[in-house]
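Observations on chain architecture
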Amino acid sequence: MDGRQIITVFGATGHQGGAVARAVLEDKDSGFAVRAVTRRPDSDRARELERLGAEVVRADIDDEASLQPALEGAYGAFLVTNFWEDMSAAHEQAQAQALARAAGHAGVQHAIWSTLEDTRACIPLDDDRMPTLQGSYKVPHFDAKAEADHFFTDAVVPTTFLRATFYWENLLSMFGPQRAEDGTFELIYPMGDSRLSGIAVDDIGNTALAIFKGGTDFIAATISIAGEHLPVADMAAAMTDVLGQPVRYRPLTPDAFRALGFPGADEAGNMFQYYADCEHAFTAARDLDAVRALHPGLQDFRTWLTAHRDDFHLA
């Protein structure tokens, strides 16, 4: 790839991986090239990455033999798993272990592992504020990733541990405004008055690129990122202003949210309760000035919302 160092990006057609791939492709002076990994190289998203200059390769995290060729000769790798595909912590951990082994065997010089906090440090298993899920977790998609961190150190992979947070893009899908009986749109979260840390997906990609550029300075570091910490009521007010439609916040208790019954309601309810009950520690770990020093273009919520105004359909 014309002398540039290869960054292998897993999940390249998904949220985080796609953002990393785009960030690298858009920075023509980074010295990096993108090898985009997907299970479906013929998909529209994969073809768009190819059009932008990525090398698109097929691999499947559930097929460990396919991972080695995707990493062969790569300087760096962005490694991410998708808990929400089947919502199994055990499956996600198996995928993480496969990625760590493959990166170690390939001799990757700098991996970024997309991970999260272990929520049990704040809410132990014997704490009955929230139910225990999948046998030994409070928020499985957090806790399982945290437990998987050691796979990368065990495999002697030079790794930066990147902890993101709630994507604002979720407001365009499963956690978006819902129409109430009176016609007003509502954000329905069990957050009380606590602040929700959020971030634009593109800023995850740009921060990851800055980490790759920083090289060995970030090996073994844990970097926790967000774009802004906002009460959900303030998010609703900003949406009302920017989108031109009334949006209000309707807080639920965590138990009421878990009782909504949609797939993953227990998981999501525990996640929001963790954000709320452990707000201080979670937001303190995400120093916005430090994140902005790493990525000066970091967006706040209103900036992201304005840029995505046309993606909301609240008519």
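Remember, it's a predicted structure, so these values are computed and weren't measured experimentally. Every residue gets a number counted from 1 within its own chain, in the order that chain's sequence is written. Where local features are concerned, this predicted model is filtered to residues with pLDDT of at least 70; where side-chain atom pairs are given and counted, the filter is 80 or more; whole-chain, interface and lining totals use all residues. Side-chain numbers come from the whole structure's heavy atoms, not from hydrogens or water.

Some words on the sheet that holds strand β12 (residues 228-231)
Strands sit in the order β7-β10-β12 across an open sheet of 3 strands; the sheet is mixed. Two strands lie at the open edges of the sheet, namely β7 (166-167) and β12, each paired on one side alone. Relative to strand β10 (residues 195-199), β7 runs parallel, the two sharing 2 bridges. When the bridges of β10 are listed, Y167 appears paired with I199. When DSSP finds at least two bridges between two strands, those strands are taken to pair. For the purposes of this entry, the term helix denotes a DSSP run of H or I that reaches at least four residues, the term strand denotes a run of E that reaches at least two, and both are numbered from the N terminus.

Some points on the state of the cysteines
When the sulfur atoms of two cysteines come within 2.5 Å, that pair is taken as a disulfide. Counted according to the given criterion, the structure contains 1 disulfide. Shown here is the disulfide that connects C122 with C278, its sulfur atoms set 1.9 Å apart. Taking the torsion about the S-S bond as the criterion, the C122 to C278 disulfide, at about -95 degrees, is left-handed. Of the two residues, C122 sits in the loop between β5 (110-115) and α5 (140-154) while C278 sits in the loop between α9 (265-277) and α10 (279-284), which places them 156 residues apart along the sequence.

Here's the deal with the packing of helix α1 (residues 15-26) against helix α6 (residues 201-214)
Each axis is a line fitted through C-alpha atoms, taken for helices only over the stretch in contact, and angles between the N-to-C directions span 0 to 180 degrees. Where α1 contacts α6, the two axes come as close as 7 Å, and the packing angle between them is 55 degrees. Our classification of the angle between α1 and α6 gives oblique. Here α1 runs over α6; the crossing is right-handed. When α1 is examined against α6, the residues H15, Q16, A19, V20, R22, A23 and V24 are found in contact with a partner set consisting of V201, D202, I204, G205, N206, A208 and L209. Side-chain classes follow a simple rule in which Ala, Val, Leu, Ile, Met, Phe, Trp, Tyr, Cys and Pro form the nonpolar group, Asp, Glu, Lys and Arg form the charged group, and the remainder, Gly included, forms the polar group. Broken down by class, the residue content of the contact of α1 with α6 amounts to 8 nonpolar, 4 polar and 2 charged. Any angle that falls under 35 degrees is termed roughly parallel, while one over 145 is termed roughly antiparallel, one within 65 to 115 roughly perpendicular, and all others oblique. By convention, the crossing between two helices is left-handed when the near helix turns anticlockwise from the far helix through less than a right angle, and right-handed when the turn is clockwise. Here, residues are in contact when the closest pair of their heavy atoms is within 4.5 Å.

Regarding the nonpolar core
Only buried residues count toward a nonpolar core, which is a set of Ala, Val, Leu, Ile, Met, Phe, Trp, Tyr and Cys residues joined through side-chain atoms within 4.5 Å. Think of it in three bands: residues with accessible area under 20% of the maximum for their type are buried, residues over 50% are exposed, and the middle band is partly exposed, with areas taken using a 1.4 Å probe on protein chains only. One finds Y189, F272, Y275 and F301 to be the most contacted residues of the largest nonpolar core, which totals 41 residues. Looking at this core, the elements that each hand over two or more residues are β9 (185-187), α7 (232-243), β13 (247-249), α9 and α12 (301-307). Sort the elements by how many residues they give to this core and α7 lands first, with 7 residues. Y189 has contacts with F166, L171, F175, L196, V232, Y249, R250, P251, L252, F257 and F272, leaving out every residue within four places of it along the chain. If you look at the next biggest cluster of nonpolar residues, it comprises 35 residues, including A23, Y167, V291 and L298.

Looking at the layout of surface pockets
A cavity here means a set of points on a 1 Å grid, drawn over the protein atoms and nothing else, where a 1.4 Å probe fits but cannot get out; a pocket is an open set with protein on both sides within 12 Å along at least five of seven lines, and a residue lines either one if it has an atom within 4 Å of a point. Grid points are joined across faces, edges and corners, and a volume is the space filled by probe spheres set on the points. In this structure, the largest pocket occupies an estimated 1100 Å³ of space. Looking at the largest pocket, it is lined by 40 residues, and the ones nearest its centre are G14, H15, T81, N82 and Y167. Elements with a minimum of two residues in the lining of the largest pocket: α1, β2 (32-38), β5, α5, β7 and α9. In terms of residue class, the lining of the largest pocket is made up of 16 nonpolar, 17 polar and 7 charged.

Thoughts on the packing of helix α4 (residues 89-106) against α5
Two numbers describe how α4 lies on α5: the axes approach to 9 Å, and their chain directions differ by 25 degrees. By the angle class used here, α4 and α5 are roughly parallel. As for how α4 packs across α5, the hand of that crossing is right-handed. Within the contact between the two elements, α4 uses A89, E92, Q93, A96, Q97, L99 and A100 and α5 uses P140, H141, A144, K145, E147, A148, F151 and F152. Within the contact of α4 with α5, the residues separate by chemical class into 9 nonpolar, 3 polar and 3 charged.

A few points about α4
To estimate the expected span of a helix, count its residues, drop one, and scale the result by 1.5 Å. With 18 residues, α4 ought to run about 26 Å at 1.5 Å a step, and its terminal C-alpha atoms sit 26 Å apart, in line with that. Considered for burial, the residues of α4 that qualify are A89, E92, Q93, Q95, A96, A98, L99, A100, A102, A103 and A106. The inward-facing, buried residues of α4 abut α3 (67-71), β4 (76-79), β5 and α5. Downstream of α4 by a residue or two, G107 has a phi angle that is positive, lying close to 75 degrees.

A look at the pairing of β4
By the alternation rule, side chains of β4 split into G76 and F78 and A77 and L79, which are all buried. Summarising the sheet, β4 and β5 pair through 4 bridges and their orientation is parallel. Its bridge partner being in β5, L79 is matched across the sheet by W113.

Brief notes about the packing of aromatic side chains
Classification of ring pairs uses Phe, Tyr and Trp, with its six-membered ring standing for Trp, and accepts pairs whose centres are within 6.5 Å; under 30 degrees between planes counts as stacked, over 60 as edge-to-face, and the remaining range as tilted. Using the criterion set out here, one finds 23 aromatic pairs in the structure. Relative to F175, the ring of F166 lies with its centre 6.0 Å away and its plane at 45 degrees, an arrangement referred to as tilted. Like F166, the residue F175 is buried in the burial classification. Ring pairs connect the aromatic residues F142, F166, F175, Y189, F257, F262, F272, Y274, Y275 and F282, which therefore count as one cluster.

Examining the side chain of E117
Within the secondary structure layout, E117 lies in the loop between β5 and α5. Polar contacts involving the side chain of E117 include one to the side chain of R286, which spans 2.7 Å. With residues near it in sequence (within four places) discarded, E117 still touches F142, D143, A146, R163, S224, Y274, F282, A285 and R286. In protein, a polar contact means a hydrogen-donor-capable atom and an acceptor-capable atom, both N or O and within 3.5 Å, with residues adjacent in sequence counting only if both atoms are side-chain atoms; elsewhere, any N or O pair within 3.5 Å suffices.

A look at the pattern of salt bridges
Between Lys or Arg on one side and Asp or Glu on the other, a salt bridge is scored when a side-chain nitrogen of the former is within 4 Å of a carboxyl oxygen of the latter. Enumeration according to the criterion identifies 19 salt bridges in this entry. Residue R22 pairs with D202 through a salt bridge whose shortest N-O separation is 2.8 Å. On the criterion of sequence distance, the pair formed by R22 in helix α1 and D202 in helix α6 is long-range, its members being 180 residues apart. Looking at D202, the relative accessible area reads 34%, which means it is partly exposed. Linking R129 and D277 is a salt bridge whose minimum nitrogen-to-oxygen distance equals 3.4 Å. With R129 in the loop between β5 and α5 and D277 in helix α9, this pair connects stretches of sequence that are 148 residues apart. Taken together, the salt bridges that share partners define one network made up of D118, R120, D143 and E147.

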